[in-house]
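Residues per chain, in single letters:
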Amino acid sequence: MGKNWTIWILGGLLWLSYSMAWAQTDSLLQQADRLLNYKAYGRAIVAYSELLTEPDNKLTTQQKHTAQSHLAFAYQQVGDNQKAEQYYREAMANSTGENVQETLQFAQTLASNGKFQEAQKQYERYLHLKDKQPARQMPTRLASTARKEAVRYRLEYLSLNSNGEEFSPAFYQDGLVYVAGKKGGSAIETTGSGGGAGYLDLFYVPNRNNLKIGKVINADGSDGKVVDNSIKAQRTIGEDTYSRSTANDSRTVPNFYEGINISDGLGYNNRHVDVAQRFSKTLNTKYHEGPATFSKDGSRIIFTRNNYNNGRASKSTEGVNKLKLYTATQQNGSWINTEELPFNSNEYSVGHPALSMDDKFLYFASDMPGGFGGTDLYVSQYQNGQWSKPVNLGTTINTKGNELFPFVDEAGNLYFSSDGHKGLGALDIFFASLSNGITVQTVEHLDAPINSAQDDFGLIADGNRLGGYFSSNRRNGNDDIYRFVRESSLFGCRDLTIRLYDTNTEQPLDSVSVLIKARGEGQPDRTLLSDANGFLRICLEGDNAFIFQASRDGYINGTVGFTTHSLTDDQPSRLEIGLIKPTVIMDTIRSESAFVTGPLTKSRIRGVVMGQRDRKPISGVTVRLRNECNHVQYEYVTGPDGHYTFDLIEGCDYTLIASKAAFGTNTNRIKRLPKKTKPKEVSADLGMLSVGDVVTIDNIYYDLDRFSLRTDAARELDKVVATMRKYPSLIIEIRSHTDSRGEAEHNKALSLQRAKAVANYLVSKGISRKRMAAIGMGESQLVNNCTDGVICTDAEHQRNRRTEFKVVEIK
């Protein structure tokens, strides 16, 4: 017996040692993940590298794959694509399943490293996995990254915290009511202690804005500077710990109160209190009092307490003193008429109440029969003067674990804590949007640093989550109260409405092209058009700066800057850009005399406007030359020969615009000629696209019976990307062709795959898929006589394996 007992102890110690090592490794991995979520990529690279190289870190296969994948992503974000490729390969080699987003990022990394054939294979694999695997199965981190950036919060550790427990704050008038004392470890505390130090009571601080701060934790996890924001006031005798109070110290005689006289200004109108007071002598008993909630006017409280009222305690049939919800009303500064809520029971616990702002809905936690897990969240409605039968909030919120500590903000949003939903630690805080106060629409995990690897719960906040309070045991294992302040937008982007208008008439301008440039590397330019009412709507990423360049035929370009830095109110923004018509001088020189002979007396620009496809001159084109020094604009209409000419002034930049109905407007920048130089002539022929034009993309050929892009295709396709960006309204058909070898149906399907490969490349460069349609032409339009039965060389057949685009729409 003794020997076996010793072996059991040793085995238990070995298991404990292994478990502690695993837990330590998992904690280090979570720390690295938090750095990645903070976008501290350099520090994340160091953390993941140490995890992978340190021999003491006992990584499981899944942990190793996660660390390698996240390390690759971090390298990708800092532009080191060679190392990103290395770790993506290692991660995929260690993967036990198919990861959709990881495959896409690997394909992007390969393309950045010039490995186009392999990148195409990985991209095709990604498309296959994407169709096969539902979006909800994608990794949480990647889905979160795609959705928005992590919200940044500053945390403040409050000085009211002690060596005991402080948790579950509630707003009450200008102060906070919270739970403090000693507690056990169950999800809903059910064992009450008869007096002594081992019980929980309700405490109160009258002015939460005057709370002293013990420590500041910045959004990146670093320590911040503590600024004492408390209001200093004259202290009276008896307010300190070393002088005895007297009857003259306050309006109450004598000054030996245990509760707070609410009707008398809460007893704290003119002073700052560092130490919290017990909330109510009548509510606090020798048993546990727990989380509470208050009606909108503050006249009613609903609070948690062990099964004890009117001096009597009751137990379940198993001999357990369960939790119940009680309500009381305030009268003359005291809480009276304490009574149970109707859905209490001696056989199960009910606690953690939260009232909606209109006092119509009461949310709470309970382990009553019929739930989905340990403790579930329920809601009861106040109807006809009484509370209705509770309704379980359902499986969107409730899990096989524990859901606890609900809170409803002024906008009707529900916060709660859970150890059943996927999070960072044991209890994590989640946000749920509700409709009609009952139906759960979405559930969202709050970002670090609000959530941590420890227990985080009991959050309260305003309707916009600009700031609030929550509880956590992350510091020393004790529950403490933290204040948080949001320092970034709640959403991944900020809605912006831009109004484009004529500054002279104040009338809206439609079809204004607005080029949007974001600051930072890897931020592609975007071009949008204003609608018929002159409006343009866009959602801009947070914490960045932007330049808007507005242009329209017949107007001087307008440029406006905008920043989303330090915008935390999440309200839509509005920007107005007025455009001015330039002074227009009609050029009366006729086409026939445009190209004069003889020596130049002035610098000039001249050229021919022609079709981009057939290179034939186009008549009736309005050519405008705008001087960017004085904004004077010259206009000229081409004749049958398509010629135009303008004089130039040295030292000024120019903008050259050619436009005609059913043709795409061609805009070019003319760099300034140096001053004090001999007159020069600038030649600038202008090609114009029109609806119906079919343009062959040079050098886009395919290997026999293959649809993947060859490495020589990128340069030519980038020219198409440039054309699509130059003409923001351009909509095209991508038409791919095969040679005549093989079955016609097979060739048609193959050509469609080739067209889609080109479309996917354009989309990867930021071109909207809505602006293109992929069409497989098969062998229907051969460019030579290499039909079925005709002997041709490989080079002749390859001419038929081509891709072209047709202009469907352009302005």
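Residues numbered from 1 in each chain as written. Predicted model: local features only at pLDDT ≥ 70, side-chain atom pairs only at ≥ 80, totals over all residues. Heavy atoms only, no water.

Examining the overall build of the protein
For the record, the criterion: Think of it this way: any DSSP run of H or I at least four residues long counts as a helix, any run of E at least two long counts as a strand, and we number them from the N terminus. Burial classification: accessible surface area is computed with a 1.4 Å probe over protein chains only, and a residue below 20% of its type maximum counts as buried, one above 50% as exposed, and the rest as partly exposed.
Looking only at helices and strands, the protein features ten helices and 45 strands. For the protein, the residues scored as buried account for 47% of the 811 residues in total.

Some details on the state of the cysteines
For clarity, the threshold we go by: Here, the term disulfide refers to a pair of cysteine sulfur atoms separated by no more than 2.5 Å.
One pass over the full model with this rule turns up two disulfides. Two residues share a disulfide in this structure: C629 and C652, whose sulfurs sit 2.2 Å from each other. Because the sign of the S-S torsion sets the handedness, a value of about -115° for the bond joining C629 and C652 places this disulfide among the left-handed ones. With a gap of 23 residues between them, C629 in the loop between strand 35 (622-627) and strand 36 (632-637) and C652 in the loop between strand 37 (643-647) and strand 38 (654-659) connect regions that are remote in the sequence. Residue C786 pairs covalently with C792 via a disulfide, S to S 2.1 Å. Every disulfide takes its handedness from the sign of the S-S torsion; for C786 and C792 that torsion is -110°, giving left-handed. A relative accessible area of 2% means that C786 is categorised as buried.

Here we look at the confidence of the model for the protein
Heads up, the condition is: Confidence of the predictor at the level of single residues is captured by pLDDT, which takes values from 0 to 100. Note on contacts: a residue pair qualifies if any of its non-hydrogen atoms lie within 4.5 Å across the two residues.
Overall, the prediction assigns the protein a mean pLDDT of 79, with 81% of residues at 70 or greater. A low-confidence stretch, residues 1-25 (pLDDT under 50), is modelled with seven contacts involving residues beyond four sequence positions or located in other chains. pLDDT under 50 marks residues 185-197. Its contacts with residues more than four places away, or in other chains, come to 33 contacts.

What to know about the packing of aromatic side chains
Our working definition: Planes of paired rings set the category: under 30 degrees apart is stacked, over 60 is edge-to-face and the rest tilted, where pairs are Phe, Tyr or Trp rings (Trp by its six-membered ring) whose centres lie within 6.5 Å. Two conditions define a charge sitting above a ring: the NZ of Lys or the CZ of Arg must be within 6 Å of the ring centre, and it must be within 35 degrees of the ring normal.
Summed over the entire model, instances satisfying the criterion amount to 30 aromatic pairs. For the ring pair Y153 and F484, a centre distance of 5.6 Å and an interplane angle of 85° mean the geometry is edge-to-face. Of the two residues, Y153 sits in strand 1 (residues 153-158) while F484 sits in strand 25 (residues 480-486), which places them 331 residues apart along the sequence. By relative accessible area, Y153 is classed as buried at 0%. Between the aromatic rings of Y172 and Y204, the centroid separation amounts to 5.9 Å while the plane-to-plane angle is 70°, which identifies the pairing as edge-to-face. Taken together, the positions of Y172 in strand 2 (residues 165-172) and Y204 in strand 4 (residues 200-205) put the pair 32 residues apart, joining distant regions of the chain. Take Y172 and Y204: they sit in the same class, and that class is buried. Site record: aromatic cluster; members linked through ring pairs are Y153, Y157, F470, Y482 and F484. Positioned over the ring face of Y482 is R474, at 5.5 Å from the centre of the ring.

Some details on helix 8 (residues 714-726)
Worth spelling out the cut-off: Multiplying one less than the number of residues by 1.5 Å gives the expected span of a helix.
With 13 residues, helix 8 should reach 18 Å at 1.5 Å per residue; the first-to-last C-alpha distance of 18 Å fits that figure. Within the sequence span of helix 8, burial applies to A714, E716, L717, V720, V721, T723 and M724.

Let's talk about the pattern of salt bridges
It is possible for side chains bearing opposite charge to pair when their charged atoms get close. This is how it is decided: By convention in these notes, a salt bridge is any Lys or Arg side-chain nitrogen within 4 Å of a carboxyl oxygen on Asp or Glu.
The tally for this structure, following the rule as stated, stands at 25 salt bridges. Between R278 and D201 there is a salt bridge, with the nearest N and O atoms lying 3.1 Å from each other. With R278 in strand 7 (residues 277-278) and D201 in strand 4, this pair connects stretches of sequence that are 77 residues apart. E635 serves as the salt-bridge partner of R624, at 3.3 Å between the closest nitrogen and oxygen. Linking R624 in strand 35 with E635 in strand 36, this pair joins segments that are eleven residues apart in sequence.

Describing the pairing of strand 36
Which entries qualify depends on this criterion: Here, any two strands with at least 2 DSSP bridges between them count as paired.
Pairing of strand 35 with strand 36 involves five bridges; the strand directions are antiparallel. Across the sheet, L625 pairs through a bridge with Y634, a residue of strand 36. Here strand 35 folds back onto strand 36, and the loop between the two strands holds four residues, one of which, H631, carries a positive phi near 65°.

Section: the packing of helix 2 (residues 41-53) against helix 3 (residues 61-77)
Stated precisely, the cut-off is as follows: A fitted line through C-alpha atoms represents every axis, and for helices the fit uses only the stretch in contact; the resulting angles, taken between N-to-C directions, go from 0 to 180 degrees. For this classification, under 35 degrees means roughly parallel, over 145 means roughly antiparallel, 65 to 115 means roughly perpendicular, and everything else is oblique. Crossing handedness is defined as follows: a turn of the near helix away from the far one that is anticlockwise and smaller than a right angle gives a left-handed crossing, while the clockwise case is right-handed. Residue polarity follows a fixed list, in which Ala, Val, Leu, Ile, Met, Phe, Trp, Tyr, Cys and Pro are nonpolar, Asp, Glu, Lys and Arg are charged, and the others, Gly among them, are polar.
Closest axis-to-axis distance for the helix 2/helix 3 pair is 9 Å, and the angle between their directions is 150°. With respect to each other, helix 2 and helix 3 are oriented roughly antiparallel. Read as a crossing pair, helix 2 and helix 3 show a hand that is left-handed. Between helix 2 and helix 3, the contacting residues are Y41, I45, Y48, S49 and L52 on the first element and K64, A67, Q68, H70, L71, F73, A74, Y75 and Q77 on the second. Residue composition of the contact of helix 2 with helix 3, grouped by class: nine nonpolar, four polar and one charged.

Description of the sheet that holds strand 22 (residues 439-445)
Pairing within the open sheet is antiparallel, and its four strands lie in the order 19-20-21-22. Looking at the sheet topology across the chains shown, the edges are occupied by strand 19 (403-408) and strand 22. If you compare each strand with its neighbour and ignore which way they point, the axes differ by 25° on average. Here five bridges tie strand 20 (residues 414-418) to strand 21 (residues 428-435), and the two strands are oriented antiparallel to one another. Residue pairing for strand 21: S418 is matched across the bridge by D428.

Examining the environment of S159
Quick note on the threshold: Polar contacts, as counted here, are pairs of nitrogen or oxygen atoms within 3.5 Å of one another; within protein the pair requires one atom able to donate a hydrogen and one able to accept it, and residues that are adjacent in sequence qualify only if both atoms are side-chain atoms.
Locating S159 in the fold gives a position in the loop between strand 1 and strand 2. For the pair S159 and L211, spaced 52 residues apart in sequence, the C-alpha separation works out to 7.4 Å. Each residue touching S159, except ones within four places of it in the same chain, is listed here: K212, I213 and G214. Polar contacts involving the side chain of S159 include one to the main-chain amide nitrogen of G214, which spans 3.4 Å.

Structural notes on the sheet that holds strand 7
Read from one edge of the open sheet, four strands run 2-3-4-7, paired in antiparallel fashion. If you trace the sheet from one side to the other, it starts and ends with strand 2 and strand 7, each paired once. In this structure, strand 2 lies alongside strand 3 (residues 175-181), joined through six bridges in antiparallel fashion. Paired with F171 across the bridge in strand 3 is L176.

Brief notes about the nonpolar core
Across soluble globular proteins, you tend to see nonpolar side chains buried next to one another. What counts is decided by this rule: Within this scheme, the nonpolar core is defined by two criteria: the residues are buried Ala, Val, Leu, Ile, Met, Phe, Trp, Tyr or Cys, and they are joined through side-chain atoms within 4.5 Å.
F279, I301 and L414 are the most contacted members of the largest nonpolar core, which has 36 residues in total. Core analysis: the next-biggest nonpolar cluster, separate from the first, contains 29 residues, Y153, V205, L446 and L459 among them.

What about helix 3?
The terminal C-alpha atoms of helix 3 lie 24 Å apart, and with 17 residues this matches the ideal 24 Å at 1.5 Å per residue to within 8%. Burial analysis of helix 3 places 13 of its 17 residues in the buried class, the great majority of the element.

A word on the environment of N436
Relative to the helices and strands, N436 is located in the loop between strand 21 and strand 22. Take N436: its relative accessible area is 67%, and that puts it in the exposed class. Sequence-wise, N436 and G412 are 24 residues apart; in three dimensions their C-alpha atoms are separated by 9.0 Å.

Observations regarding the packing of helix 8 against helix 9 (residues 744-764)
It is the contact of helix 8 with helix 9, at a shortest axis distance of 10 Å, that shows an interaxial angle of 65°. Classified by chirality, the crossing of helix 9 by helix 8 is right-handed. The residues of helix 9 that touch helix 8, namely those facing A714, L717, D718, V720 and V721, are V758, Y761 and L762.

Considering the side chain of T638
As for its position among the elements, T638 is in the loop between strand 36 and strand 37. Once residues within four sequence positions are removed from consideration, T638 is found in contact with V609, I618, S619, G620, V621, V623 and H643.

Thoughts on the side chain of N81
Tracing the sequence through the fold places N81 in helix 4 (residues 81-94). Those residues within four positions of N81 in sequence are excluded, and the remaining contacts are Q76, T109, S112 and N113.

Description of the pairing of strand 23 (residues 456-461)
On a regular strand, one side chain projects to one face of the sheet and the next to the other, so that they alternate. Across the six residues of strand 23, six count as buried, placing the element largely inside the fold. Alignment of strand 23 against strand 24 (residues 467-472), held across four bridges, turns out to be antiparallel. Paired with F457 across the bridge in strand 24 is S471. Connecting strand 23 to the next strand, strand 24, in antiparallel fashion are five residues, including R465 with a positive phi near 55°.

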